[in-house]
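Spelled out, the chains give:
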Amino acid sequence: MTQLSTDDGPEINPSVIFLFDLLKWVRQGRIRVPAFQRSYVWTRANMLDLFDSVRWRYPIGTLLFWKSSKETARPLFRFGPFDLSQTRPLETLLLLDGQQRLTTLAGVLLRDSGLPNWSGDDEDAARWNVYFDASGGQTDEKRREDKNREGVFMHLASGATAQPWQVPLHQLSDTNKLFETIAPIFNAAPETLAAAGVGKEVLVNRLQGVARALQSYKIPIVEFVTDDLNLAVESFTRLNRKGVAIGADEMFWALTYQAGAQRGFRIASEIDSTLTEIKQTGFGKVNRVLVLRAFLVAADLDPYRTDWSKLGDETQKSVANKLPEAMRRAREGLLRGIDLLREEHIHNARMLPYGLQLVGLSAWLGEDPSPTVEAKRLLRRWLWLTGFASWFGQGNPSRYAAVLAELRDRARAVREQEAAVPSELRHLPWDTRAEPFPERYDLRSARVRTLLCLLAREGVFNPDGTRKDARAIADDFARNGPEAMRTIWASSQSPLRSSPANRMFDVFGQERGQARTLFGRTKLADPQAFFESHLLPYPLDNALKKSDSMEDVLKKRLEDMIGLEREFMSELGIQPPASTQPGASIIDQDDDAPLPMPDTDEA
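Residues numbered from 1 in each chain as written. Predicted model: local features only at pLDDT ≥ 70, side-chain atom pairs only at ≥ 80, totals over all residues. Heavy atoms only, no water.

Engineer: For this particular structure, what's the right way to read helix α14 (residues 355-365)?
Structural biologist: Side chains of residues three or four places apart in an α-helix project in the same direction, reflecting 3.6 residues per turn. Among the 11 residues of α14, 10 are classified as buried, and the element is accordingly described as predominantly covered. Buried within α14 we find Leu 356, Gln 357, Leu 358, Val 359, Gly 360, Leu 361, Ser 362, Ala 363, Trp 364 and Leu 365. (Buried < 20%, exposed > 50% of the residue type's maximum accessible area, 1.4 Å probe, protein only. Helix = DSSP H or I, 4+ residues; strand = E, 2+ residues; numbered from the N terminus.)

Shown next as structure tokens:
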């Protein structure tokens with residue numbers, strides 16, 4: 001290829017290409033991620049949403065590639081879960097825009113392609129195992145009434161076994177394996193298939209429909225051809241800076257709007273008003289889509305529905321007419337939910353493990369504004385179980401919608417029929433086990449946030465002897481994110497280096513350095529009370545001098561933190577993890593990753 005001069009500017013080559021041709025390029029090593037790109041940050045929910053768009057043939061945006069005649073920028077060998085270091089492509093396309101999308105598609109659909117797995121650290125290796133559940137969770141009458149819900153994309157819960165109608169996407173994308181994939185449905189026993197809620201033919205048709213969508217899906221791409229590194233990087237930094245996509249709330253209202261009905265009423269304005277009220281409580285920023293979902297649950301609608309255009313005329317009229325009252329209940333439920341969270345010492349949105357936990361509290365408290373002691377006990381157990389079990393980070397949206405609807409319906413029965421508060425929930429069995437203690441400190445994991453909420457409940461002591469309570473700790477996380485936790489010993493060479501046991505709530509202010517160093521040079525008003533409030537042994541003098549002793553301190557702190565969790569779970573009737581050993585936690589939140597660990601004591 002002839003080198004392009006800077007004066008000529010970049011050459012722009014647009015085209016449209018089949019998804020599977022793009023995946024072939026990835027497999028060949030032709031597509032690479034440049035070193036200046038950020039790492040993969042999408043949550044599991046983002047991944048499922050992308051495949052839902054592909055299934056319904058919605059556009060997912062243009063991919064932008066940089067093509068150069070020389071090695072201008074260093075490409076990475078890693079592409080999602082794969083190692084491309086052994087590939088030898090004739091040319092390389094560097095992915096400037098669309099990394100999260102294409103990495104998701106390749107990481108999931110090429111699972112059986114023979115590409116070697118990346119040998120380095122993968123924060124959540126199981127996220128690449130995306131399934132399509134052809135049943136759509138239609139296990140009760142309410143689901144059977146919804147004819148437009150035709151299956152969902154999902155991740156299997158930890159330790160769960162896939163049903164015959166729950167199929168990995170990489171198998172659906174291979175036409176040679178399609179018959180092999182659907183055969184278990186025809187061979188399944190009638191009692192097994194009964195749980196799907198629909199017949200064999202429907203299940204097979206849905207699976208074949210997803211397979212056809214994957215095989216026929218096309219994506220627009222643009223090749224940006226230049227040898228000028230500065231021009232390429234400048235173009236990259238300007239991407240998507242000013243685009244404003246239509247919100248889910250605006251789309252919903254446009255599709256359910258009825259001329260003449262509720263003049264002056266607009267759902268986006270109601271969401272804005274609700275968000276303002278939430279902000280005034282000091283709870284922090286809540287995603288507007290969560291507020292929309294709270295509204296839809298209160299209106300007896302599916303909060304995860306993706307195709308509102310299929311609503312019939314009569315349904316549209318009904319929705320438009322009852323939404324204002326439903327939104328009033330939901331708004332009040334959200335505010336009461338925040339009050340209940342604060343009773344549990346969860347003081348802002350940054351600490352909350354899942355936004356859907358607030359939606360669930362809203363579903364109950366919007367219907368039952370004065371909950372009894374029994375109702376609060378139920379909600380408290382539900383709240384902590386969903387956090388410890390990473391419940392909203394695995395499974396599928398139909399399961400989430402079912403438990404939200406159950407909370408609403410049970411609360412409505414309590415208020416309208418004076419029914420007893422249920423002792424259990426059908427869609428969230430109390431015997432659901434908690435996930436293992438997290439082996440890494442990462443705020444993008446709801447399991448980690450749940451641990452931090454527990455640790456913050458009693459507060460800790462500052463060096464001057466004053467108490468830093470749960471509200472002050474939450475404020476710290478709202479301001480500083482992951483850096484609200486101070487590294488205790490940065491020089492540890494064991495797996496404990498990245499463990500939550502090697503982090504403590506930061507009480508040293510602007511002082512720089514690891515906590516181990518600061519312990520030795522900070523005057524403590526009450527050393528014993530200080531260290532014990534942070535789950536550290538007293539005295540700590542020997543550990544400050546010897547590395548081996550410091551390693552023992554972290555091991556003991558890890559044991560104490562695991563013990564504290566298990567004691568709390570026992571009080572609530574939550575099943576603890578099957579093992580006391582730490583394990584990998586699901587990365588299921590949009591948040592900042594922790595900064596890299598310093599390499600030396602004072603780094």
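After presenting the structure, the write-up continues.
Engineer: Is there a simple way to think about the nonpolar core in this case?
Structural biologist: One recurring pattern in soluble globular proteins: nonpolar side chains tend to sit buried together. Counting 103 residues, the largest nonpolar core has Trp 364, Trp 382, Trp 384, Leu 452, Phe 477 and Phe 519 as the members making the most contacts within it. Tallying contributions element by element places helix α22 (residues 547-572) first for this core, with nine residues. Ignoring sequence-local partners within four residues, the contact set of Trp 384 consists of Glu 344, Ile 346, Thr 450, Cys 453, Leu 454, Arg 457, Phe 568, Leu 572 and Ile 574. Membership of the second largest hydrophobic core comes to 55 residues, among which are Val 33, Tyr 40, Met 47 and Leu 214. (Core = buried A, V, L, I, M, F, W, Y, C linked by side-chain atoms within 4.5 Å. Contact = heavy atoms within 4.5 Å.)

Engineer: Quick question: what am I supposed to make of the sheet that holds strand β6 (residues 93-97) here?
Structural biologist: Through backbone hydrogen bonds, the strands of a sheet pair up, either in parallel or in antiparallel fashion. The strand order across the open sheet built from five strands is β1-β10-β3-β6-β2, with neighbouring strands paired in mixed fashion. Strands at the two margins of the open sheet, each flanked by one partner only, are β1 (11-18) and β2 (31-32). Sheet topology places strand β3 (residues 63-67) next to strand β10 (residues 218-225); five bridges connect them, and they run parallel. Opposite Lys 67, over in β10, you have Val 225 as the bridge partner. On top of the sheet, helix α3 (residues 99-109) reaches β2, β3, β6 and β10; it is set at about 120 degrees to β6, its chief contact. (Pairing = 2+ DSSP bridges. Axes fitted to C-alpha atoms, helices over the stretch in contact; angles between N-to-C directions.)

Engineer: Would you mind going over helix α11 (residues 267-280) with me for this structure?
Structural biologist: With 14 residues, α11 extends 20 Å between its outermost C-alpha atoms, agreeing within 8% with the 20 Å of an ideal straight helix rising 1.5 Å per residue. Looking one or two residues beyond α11, the residue adopting positive phi is Gly 282, at roughly 85 degrees. (Expected span 1.5 Å × (residues − 1).)

Engineer: Whenever I open this one, the pairing of β3 confuses me. Can you help?
Structural biologist: Two faces make up the sheet, and in a regular strand the side chains alternate between them. Among the five residues in β3, five count as buried, and that is most of the element. Where burial is concerned, the two faces of β3 agree: the one with Leu 63, Phe 65 and Lys 67 and the one with Leu 64 and Trp 66 are both buried.

Engineer: I tried to follow the packing of helix α15 (residues 373-388) against helix α17 (residues 446-456) on my own but got confused; where do I start?
Structural biologist: Between two packed helices, what matters for the description is the angle formed by their axes and the separation of those axes. The N-to-C vectors of α15 and α17 enclose an angle of 130 degrees; their axes lie 8 Å apart at closest approach. When the axis of α15 is compared with that of α17, the two are oblique. Packed against α15, whose contacting residues are Trp 384, Gly 387 and Phe 388, the element α17 presents Ala 446, Arg 447, Thr 450, Cys 453 and Leu 454 at the interface. The residue inventory of the contact of α15 with α17, partitioned by class, reads five nonpolar, two polar and one charged. (Parallel < 35°, antiparallel > 145°, perpendicular 65-115°, else oblique. Nonpolar A, V, L, I, M, F, W, Y, C, P; charged D, E, K, R; others polar.)

Engineer: Before we go on, may I ask you to explain the side chain of Lys 468 in this structure?
Structural biologist: Considering the arrangement of structural elements, one finds Lys 468 in strand β12 (residues 467-468). Engagement of the side chain of Lys 468 in a polar contact is seen with the side chain of Asp 476, the distance being 2.8 Å. With near-sequence residues (within four places) excluded, Lys 468 lies in contact with Gly 459, Val 460, Asn 462, Ile 473, Asp 476, Asp 506 and Val 507. (Polar contact = N/O pair within 3.5 Å; in protein donor to acceptor, adjacent residues only side chain to side chain.)

Engineer: Hey, could you run me through the side chain of Thr 450 in this one?
Structural biologist: The topology assignment puts Thr 450 in helix α17. Those residues in contact with Thr 450 that lie beyond four places of it in its chain are Pro 353, Trp 384, Gly 387 and Phe 388.

Engineer: Is there a simple way to explain the environment of Gly 573 in this structure?
Structural biologist: Summarising the element assignment, Gly 573 is placed in the segment after α22. Sequence spacing of Gly 573 and Trp 430 is 143 residues, and the spatial spacing of their C-alpha atoms is 7.7 Å. Other than its neighbours up to four places away in sequence, Gly 573 contacts Arg 381 and Trp 430.

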